[in-house]
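# Coordinate analysis (summary)
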Amino acid sequence: MSSDIRFTDFKSDKQPTWCPGCGDFGTMNGMMKALAETGNDPDNTFVVAGIGCSGKIGTYMHSYALHGVHGRALPVGTGVKMARPDIEVMVAGGDGDGYSIGAGHFVHAVRRNVDMTYVVMDNRIYGLTKGQASPTSREDFETSTSPEGPKQPPVNPHALALASGATFIAQSFSSDALRHQEIIQKAVEHDGFGFVNVYSPCVTFNDVDTYDYFRDSLVDLKEEDHDPSDKDAAKDVIFDDETEHQGIIYQDEESVPYHERHGVDEDMSVIPDGAPEGATDLVREFY
Amino acid sequence: MPADFNWAVGGEAGDGIDSTGKIFAQALSRAGRHVFTSKDFASRIRGGYTAYKVRTSVDKVQSVVDRLDVLIALTPRTIEENLDELHEGSVIIYDGERTTMQDVEIPEEMIGIDVPLKRLAEEAGGAIMRNVVALGAACEVAEFPIENLDSALEKRFSDKGQKLVDNNKEAARAGRSYVAEEYDHEFDYNLETTDEDYVLLNGDEAIGMGAIAAGCRFYAGYPITPATDVMTYLTGRIERYGGHVVQAEDELSAINMALGAARGGARSMTATSGPGIDLMTETFGLIATSETPLVICNVMRSGPSTGMPTKQEQGDLNQMLYGGHGEVPRFVLAPTTIAECFWKTVEAFNLAEKYQLPVYLTADLSMAVTEQTFSPDTFDMDEVEIDRGNVVDETTIDDHMSESGGFQPHEITDDGISPRAFPGTADGAHMSTGLEHDEQGRRTEDTEMRVEQVDKRNRKVETAREREDWSPREFGDEDADTLVVTWGSNEGALAEAVEFLADDGLDVRVLSVPYIFPRPDLSEDVEAAESVIVVECNEQGQFADLVEHDVLERVDRINKYNGVRFKADELADDIKETLAAGVEA
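Calculation rules
Residues numbered from 1 in each chain as written. Chains lettered and ligands numbered in written order. Predicted model: local features only at pLDDT ≥ 70, side-chain atom pairs only at ≥ 80, totals over all residues. Helix = DSSP H or I, 4+ residues; strand = E, 2+ residues; numbered from the N terminus. Contact = placed C-beta atoms within 7 Å. Nonpolar A, V, L, I, M, F, W, Y, C, P; charged D, E, K, R; others polar. Pairing = 2+ DSSP bridges. Domains from an automatic or database assignment. Axes fitted to C-alpha atoms, helices over the stretch in contact; angles between N-to-C directions. UniProt positions renumbered as here; feature names shortened; annotations may be inferred. Core = buried A, V, L, I, M, F, W, Y, C linked by C-beta atoms within 7 Å. Buried ≥ 20, exposed ≤ 12 C-beta atoms within 10 Å, placed from the backbone. Left-handed = near helix turned anticlockwise from the far one by under 90°.

As named in an unreviewed UniProt entry, chain A is 2-oxoacid ferredoxin oxidoreductase, taken from Halorubrum saccharovorum.

Time to look at unusual backbone geometry. Residue and element names in this part refer to chain B. With an omega dihedral of -5 degrees, the bond running from T225 to P226 counts as a cis peptide bond. For P226, the position within the fold is in the loop between β8 (216-221) and α8 (228-234). In the segment running from G303 into P304, the intervening peptide bond is cis, with an omega of -5 degrees. With respect to the secondary-structure elements, P304 resides in the loop between β11 (294-300) and α11 (317-322).

Attention now moves to the interface of chain B and chain A. In this complex, chain B contributes 59 residues to the contact, which on the side of chain A involves 48 residues. When residues of the side of chain B that touches chain A are assigned to their parent elements, the largest contribution, nine residues, is made by helix α9 (residues 251-263) of chain B. Looking at the side of chain B that touches chain A residue by residue, the class counts come to 29 nonpolar, 19 polar and 11 charged. Taken together, the three bridges between strand β2 (residues 64-67) of chain A and strand β15 (residues 431-433) of chain B define a ladder with parallel strand orientation. Bridge pairing links A65(A) to M431(B) in β15(B).

This part is about the domain arrangement of chain B. Residues and elements named next belong to chain B. Under the domain assignment, chain B is made up of domain 1 (5-182), domain 2 (201-383), domain 3 (397-467) and domain 4 (473-551). Of note, the centres of domain 2 and domain 4, computed from C-alpha atoms alone, are 25 Å apart. Contacts between the two partners involve 22 residues from domain 2 and, on the opposite side, 17 residues from domain 4. Only α11, β12 (331-333), α12 (338-355), β13 (358-364) and α13 (365-368) provide two or more residues apiece to the side of domain 2 that touches domain 4. Each residue belonging to the side of domain 2 that touches domain 4 can be placed in one class, and the counts come to nine nonpolar, eight polar and five charged.

Moving on to the sheet that holds strand β5 (residues 168-173) of chain A. Across a sheet, paired strands are connected by hydrogen bonds in the backbone, their directions being either parallel or antiparallel. An order of β7(A)-β8(A)-β5(A)-β6(A)-β4(A)-β3(A)-β1(A)-β2(A)-β15(B) is seen for the nine strands of this open sheet, with the pairing classed as mixed. Here the strands that pair on one side only, and so sit at the sheet edges, are β7 (218-220) of chain A together with β15 of chain B. Between one strand axis and the next, the sheet turns through 20 degrees on average, direction left out of account. Of the strand pairs in this sheet, strand β1 (residues 45-49) of chain A and strand β3 (residues 88-94) of chain A are connected by five bridges, and their pairing is parallel. Directly across from V48(A), in β3(A), lies its bridge partner V91(A).

What follows is about the UniProt feature "domain: Thiamine pyrophosphate enzyme TPP-binding" (unreviewed entry) in chain A. Sequence positions flagged by UniProt for "domain: Thiamine pyrophosphate enzyme TPP-binding" (unreviewed entry) are, in local numbering, residues 51-198 of chain A. Secondary structure across residues 51-198 of chain A divides into 35% helix and 19% strand, with the first and last C-alpha atoms of the span separated by 17 Å.

Let us now look at the nonpolar core. One finds I93(B), V133(B), A138(B) and A258(B) to be the most contacted residues of the largest nonpolar core, which totals 233 residues. Core analysis: the next-biggest nonpolar cluster, separate from the first, contains six residues, W18(A), C22(A), I125(A) and C202(A) among them.

Attention shifts here to the packing of α9(B) against helix α10 (residues 274-289) of chain B. All names here are of chain B. Relative to each other, α9 and α10 sit at 35 degrees, their axes nearing to 8 Å. Where α9 crosses over α10, the handedness of that crossing is right-handed. Note on element contacts: α10 touches α9 through G276, L279, M280, E282, T283 and I287, opposite E251, L252, I255, N256 and L259. Residues that form the contact of α9 with α10 fall into these classes: six nonpolar, three polar and two charged.

This is how it looks when you write it as C-alpha cells:
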C-alpha cells in the first residue's frame, strides 16, 4: 500500500449521473477525503452501497465495493468487516435505504458496534423514483404519493441510534465541505460503529429542505460548548425539535468494538489446503 | 433384514425425553451397535407429546420402521400415540406411582413393567434421575449390559461433577435390579455388543462439521426449526478454527452478512428452512450476478407458510431451482445420507468457489434430527480437499486487467470462470453489483455486453457439467425392469425397502440422486426400464417433473435477453432461420 494516497485515487472513471447540484457530490467528496486522510487506499477499503440515488456512490468511487440490495447494506458491511478486520469498511445509503426498508438492520448494526462507518445521505425525499415521501420527510411535505403530506412524524435517526446503544452519533451537511469531511473522519477513526447522518439536499424534488434552509438553520455543536461524551447533553440535542444541529452529537470514549468483544481478529480469507488442523477432534466428539 | 430392536421413550415436552433417548442411543453406539434415531415432536392430537425413538442392530440400520419393542411411557398419551407400532409382546415400562399413570391400561397382549421410577430415583439421590432409572430397567428387559450406559452417563454429566455421574449410575442399577427382582419373566431380547467403534451424529451436525472441515470461517443465521442445530453446532466450535457465528436479526440480514464475508474472501455460509429461504431469495440474484461463492443450506420442513414446522417434507425443490426474479444460475445439492451431509457440504464449498455462484445444500427435517452411527473413518479429514478456484494475487492479477488498467472480476472467458481478487489485493479494487455490469463490474445496459455476461454466467454451468461428476448412487438389481428414482433423504428407507421387496421376489433398480442441478442425465435409464417410479416426500412430485422434463421431446427455441423486446420483422427472420436450421439437421 502506498503512503501518498490522494483522495482522487478513490474516484472511479465513471461520471456521476446525479443531478447537477445534488448534495451527494459533496457527501462523496468528504468520504473520499476522510478515507485518504486516515491512511486508507482503494485496495484496502470496502465500500458498501444501498439502492437509490445514494446507492450509486459505490460506482463513482474506486475501491473494493458492493452495490447491494435495497436496505441491506449494513449487514453486508458487517460480514465484510467480520471476515476482514484488516479492511476499512464504509457503508453508505440514503434515508429510505437506512430508515425505511433497512430500519431493522440499522437498529441491530448500531447494537453490534462493528468497527465501520455508516454514512446516510439524508435528503428527506425519494429522488430516484421521482419524489415520494421518505421516512425523514416532514409531516406536511406534499409529494405525489402524499398530496397532503405523510401526516406522520419523521423518524428521528439520532434518537433511534441512541436508543439502540450507539457509540458514535453525528450530523453533517454536504455543503459545509471541511466540517463534513472532519466529521466523517472522526467516524472513521472511532473504535466502533461510526454513524453520520448527512444532510445531502435534493435540488430536484425537495424544495423545502434546501441548501438555503440548512445553511440558515444549522447550528454547529462545536460552537455550542457541547460535550459529545455527555449522553444527557446528546439527548437534549437529539430531542431539540426547534434546532438543526451539525457536529459530533455523541461519542462513547469507552466504546469496545464488536471484534474485541468477540475476539474476531483473523483474516478469514486465508485457509489451509485441506481440513483445518485438529479437525479430527470434531469427529471424536461424536463417540 | 437386520435383527433390529426398536425402543422409545415418550412423555411431555420438558420431561427430558431428548437427553434420555440420546443417552441410550450413545450407550448402544459405544457398545458397538448400529443406531438410527428419530423424534416425534409436536402432536397428532394436541401439544406436548414428544418421543425419542431408537432402532438398533449389529448390522447397519438406515431407516425407521413401524414397530416398537420396548417403550418407556412417562404419560398415558405416550402409549396411545404408539399403539400402531406396539405389538403382541411389546414391553411398556411405566411408573404406576405417578399420579397420571395410576389408572393406565396396558393393552392385554403387551407386557407392562411397573417400576417406581421416581421413588427409586429419589433413593439414588434425586427425582430428576427417574428417566435414568427407566433406562436401567430397559437394559434389564433388553439384556443389554448396563456398563454400556456408564460411558454415556459420563459424557452427559461429567461437567457437573463425579457425584452426579455416580448417582446416575446408581439410579440406572436400581432400575435394573428392580425389574430383575420383581419380574420373573423371560424377555425375547438380547442386545449383543461388538468391538466396533462408532460415532453418532445427525444431519445438521454433519453439515456443521463439513463446513468447518471445508474451511468455512463465517456463519450468519437466524434460528429456525429444523436448521437451528447447524448454528448451534458451529457456535463454540468454529471459533476453535478461527471462525465466527453471528445470530442476525432476520434472514435478510443473515444472508447479506454471509455475502459480505464471502466478498471479503471467507468461505461463508448460512442455513435456514423454507420460510427463511423465502426471505433470502431477495438477495439470491445479487449473489449469483455478482458471482459470489456462497453456500446456502436449506433444511426443509413441511410448508407452505408456517405449515407443519416440526414435520417432514421435501417441498422446496422448485423454490431452490427457480426462486428469485430473472434467470439466475445456481447449483442445488441434496445429500442422500447423514454421512453425505458432511461430504456434500465440503463439495458445496468447492463448487461455490470454483464456479463463483450460490450453491443450495438441501437436507430435510428427517435427516436433520435423525442420528445415525457411522465408522469414524467415514469422516476422514485427510480426505478433505479444498479447491478455491481462480483466485488471483499480486503476482497474477496483471493478466486480468482491462486496457485502461482496471481489474476484471467478470472477465469473459471460454469456460465462463473469471478471476477473483480478495480485498487487500493490490490493484484489485473493483465493484460488485446486482446491476448488469461489464467485465470490470461497472454498470452497463449495453446490449452486447448484457448478452456476453448472461452467456458467461451460464457457461459456468456448462463447464461444471463437463468437469464434475454428477452421477447418482445406484443399488438394488441393476438388470431389474423396474427403476425407482429418489433424491435426498429417502435413500436409507429405500435401501431397506429393496430388501423387503427382494424377500417378496420383486427386484428393483434404484438410483438415488444427490445432484438436482446440474443433475445426471437419467434419460437412458428411464427409457431402458419397463416401469419407472419416482419417490419423494411431497405431493406434486417436483423431482418426478424434472425426470419427465429430461426425457421429453426437445423443441427449438428463440430467446432474446439483451434488454430489447421482440420486433416483428426480426422475429419473422428468426423463425425462418430456425426452421431452415431444423431442415438442414
